[in-house]
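Residue strings, one per chain:
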Amino acid sequence: MGSYRWVVLAVATVTQASAAFFVQGLGALGVLLQRELGLSAAQLGLLMSAAQLVPLAGLLVAGELLDRYGERWVVGAGAGLVGAALLTGTLAPGYAALLVVLLLAGAGYSTVQPGGSKSVAAWFDSSRRGVAMGVRQAGLPLGAALASASLPAVGAAFGWRATLGAGGVVALAGAVLFAATYRPPPASDRKTGTADDRKSGSRRSLLWNTALACGVALIAVQCGIGLLTVLHLHDKAGLSPARAALVLVAAQGAGVAGRILLAALSDRRRTRNRQSVVTVSMLAVLGALILLMTPAGWSPIVATAAFVWLGFFGIGWYGPWVALVTEAAPPGRTGFALGLAMAVNQVAIVLVPPVLGLLRDTSGGFVAPWGLLAALIAAALVTQMARTTGGGVPRSRSRTRTTSLDPRPGGR
């Protein structure tokens, strides 16, 4: 069964890419949707948030279902719902109906993200979990890149409704593949972590708190990349919508590479090194955001380089982060821990796009939205420094106060 884990990894990655395909491609459709539906940047941001609203609660429910019933049918059914909703969306008469369709798709997607992560964590031990999780998490920017490369052409040729049909077919294919292929590991082969992974309660609490602070800030940047890249390059750098979409494809491709390479780097010393990789990613992102706020960010060459850099670090951070959350989870509660952490991130995913779009509309430029994201990253860095000393050793207060990730009596 040792070789089957690589099959599990491949299937989980493809399912992630297929379920995320349409929603992650919305940014590349921004100019088309604004033209055909008469949308403002704020309305476009709200459209992107619609698919992320239900997972605020859905991720918590999905985590419990995964711990109770396993990954195969929970993930398969969720991805199937994404596909069915998008295919129904081909009949949507306009903007309001499209919002409802994306709400339904978000309900299905709630199971895919934590379910795929849990399936990989079950098959890989901590010595390889980072790179495996990075490959699996690369499915999201991979789906986004493929969507950004193909959906604008589909929309230009057949209209915006045809893009929903394409997304629905892709999502259903991923659902069938996962349900037909995935099997859980035998009980004797389940990867529960090494002795080095089974830290004290205070250590887990520290990892949890720092992971949440970093995750919220970085997921906000990821939303900004999806929403603002094409608009910034078109409005400020003078690129055509097609060329701007290609830069977004390149940034998402860099994110695919980042999720794998940064996660592989984090495996070298596992938990402690995962924190360092996430911190370096935040610093790299902060530099690119500041650059985009200056007149240099209006240059096509400089802006393109900045967005590819942002893609590598601003999307690539997710693999090490998910592995960090997995290793902070109580034994037997991986699904719940992943669902809760991703639900916290989901708050930013829902709120950030319309806020960024509103800032763009009201300010008439991009300094305000990029500045907000830079402020969030800076705040997360300060929070992390305040909570850790000596590269991740808990402060004296942290030794006596713990945060339970388990809602059951006793917390563990």
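Note that the structure is a prediction, hence the values are computed from the model and not measured. (Residues numbered from 1 in each chain as written. Predicted model: local features only at pLDDT ≥ 70, side-chain atom pairs only at ≥ 80, totals over all residues. Heavy atoms only, no water.)

## Digging into the side chain of Ser 18
Right, on to step 1. For Ser 18, the location among the structural elements is in helix α1 (residues 4-24).
Right, on to step 2. Those residues in contact with Ser 18 that sit more than four places away from it in its chain are Val 170, Ala 171 and Gly 174. (Helix = DSSP H or I, 4+ residues; strand = E, 2+ residues; numbered from the N terminus. Contact = heavy atoms within 4.5 Å.)

## Here's the deal with the side chain of Thr 163
Right, on to step 1. One can find Thr 163 in helix α9 (residues 160-181).
Right, on to step 2. Discounting residues that sit within four places of it in the chain, Thr 163 has contacts with Phe 22, Leu 29, Leu 151, Val 154 and Gly 155.

## Examining helix α8 (residues 139-158)
Right, on to step 1. Here α8 spans 27 Å end to end across 20 residues, near enough to the 28 Å set by a 1.5 Å rise per residue.
Right, on to step 2. The sharpest bend along α8 reaches about 30 degrees and sits at Ser 148, with the proline Pro 152 one to four residues further on.
Right, on to step 3. Regarding α8, the residues found buried are Gly 139, Leu 140, Pro 141, Gly 143, Ala 144, Ala 145, Ala 147, Ser 148, Leu 151 and Gly 155.
Right, on to step 4. In the segment just after α8, Gly 159 is the residue with positive phi, at about 100 degrees. (Expected span 1.5 Å × (residues − 1). Bend = angle between axes of the 7 residues up to and from the residue. Buried < 20%, exposed > 50% of the residue type's maximum accessible area, 1.4 Å probe, protein only.)

## Concerning the environment of Met 385
Right, on to step 1. For Met 385, the location among the structural elements is in helix α16 (residues 367-387).
Right, on to step 2. The exposed category is assigned to Met 385, whose relative accessible area is 62%.
Right, on to step 3. In this structure, the C-alpha to C-alpha distance between Met 385 and Thr 279, residues 106 residues apart in sequence, is 9.9 Å.

## Some thoughts on a nonpolar patch on the surface
Right, on to step 1. On the surface, Val 61, Leu 65 and Tyr 69 cluster together into a nonpolar patch covering about 310 Å² of accessible area.
Right, on to step 2. Relative to the elements of secondary structure, Val 61 occurs in helix α4 (residues 55-69).
Right, on to step 3. Accessibility expressed as a relative area gives 49% for Val 61, which makes it partly exposed. (Patch = residues over 30% accessible without salt bridge, like charges linked within 9 Å, V, L, I, M, F, W, Y side chains within 5 Å. Areas by Shrake-Rupley, 256 points an atom, 1.4 Å probe, with all protein chains shown as cover. Salt bridge = Lys/Arg side-chain N within 4 Å of Asp/Glu carboxyl O.)

## Structural notes on the confidence of the model for the chain
Right, on to step 1. Confidence along the chain averages 80 in pLDDT terms, with 84% of residues attaining 70 or more.
Right, on to step 2. Averaged pLDDT values over the elements of the chain bottom out at 40 in strand β2 (residues 393-394) and peak at 94 in helix α13 (residues 300-316).
Right, on to step 3. Ignoring residues within four places in sequence, the model shows residues 192-203, a span with pLDDT below 50, making 23 contacts including any to other chains.
Right, on to step 4. Low pLDDT, under 50, characterises residues 390-412; the stretch is placed with 47 contacts to residues that sit more than four places away or in other chains. (pLDDT = per-residue confidence, 0-100.)

## Details of the environment of Gln 52
Right, on to step 1. Topologically, Gln 52 is positioned in helix α3 (residues 41-53).
Right, on to step 2. You can call Gln 52 buried: its relative accessible area is 9%.
Right, on to step 3. Linking Gln 52 and Leu 103, residues 51 residues apart in sequence, is a C-alpha distance of 7.3 Å.
Right, on to step 4. The residues contacting Gln 52, other than those within four sequence positions of it, are Val 23, Gln 24, Gln 346, Ile 349 and Val 350.

## Thoughts on the nonpolar core
Right, on to step 1. If you look at the biggest cluster of nonpolar residues, it comprises 111 residues, and the most contacted ones within it are Leu 47, Leu 102, Leu 289, Leu 310, Trp 321 and Ile 377.
Right, on to step 2. If you tally residues by element for this core, the top one is helix α10 (residues 201-235), at 15 residues.
Right, on to step 3. Here Ile 377 is in contact with Ala 217, Leu 218, Val 221, Met 282, Val 285, Leu 286 and Leu 289, once residues within four sequence places are set aside. (Core = buried A, V, L, I, M, F, W, Y, C linked by side-chain atoms within 4.5 Å.)

## Re the packing of aromatic side chains
Two aromatic rings are characterised by how far apart their centres lie and by the angle between their planes.
Right, on to step 1. Using the criterion set out here, one finds nine aromatic pairs in the structure.
Right, on to step 2. Where Tyr 4 meets Trp 123, the ring centres are 5.3 Å apart and the plane angle is 65 degrees; that geometry is what we call edge-to-face. Here Tyr 4, found in helix α1, pairs with Trp 123, found in helix α6 (residues 95-123); they are 119 residues apart in sequence, far enough to count as distant. Here the two residues Tyr 4 and Trp 123 agree in accessibility, since each one is buried.
Right, on to step 3. With a centroid separation of 5.1 Å and 75 degrees between ring planes, the pair formed by Trp 6 and Phe 124 is classed as edge-to-face. Within this pair, whereas Trp 6 is found in helix α1, its partner Phe 124 is found in the loop between α6 and α7 (126-137), the two being separated by 118 residues in sequence. (Phe/Tyr/Trp six-rings, centres within 6.5 Å; stacked < 30°, edge-to-face > 60°.)

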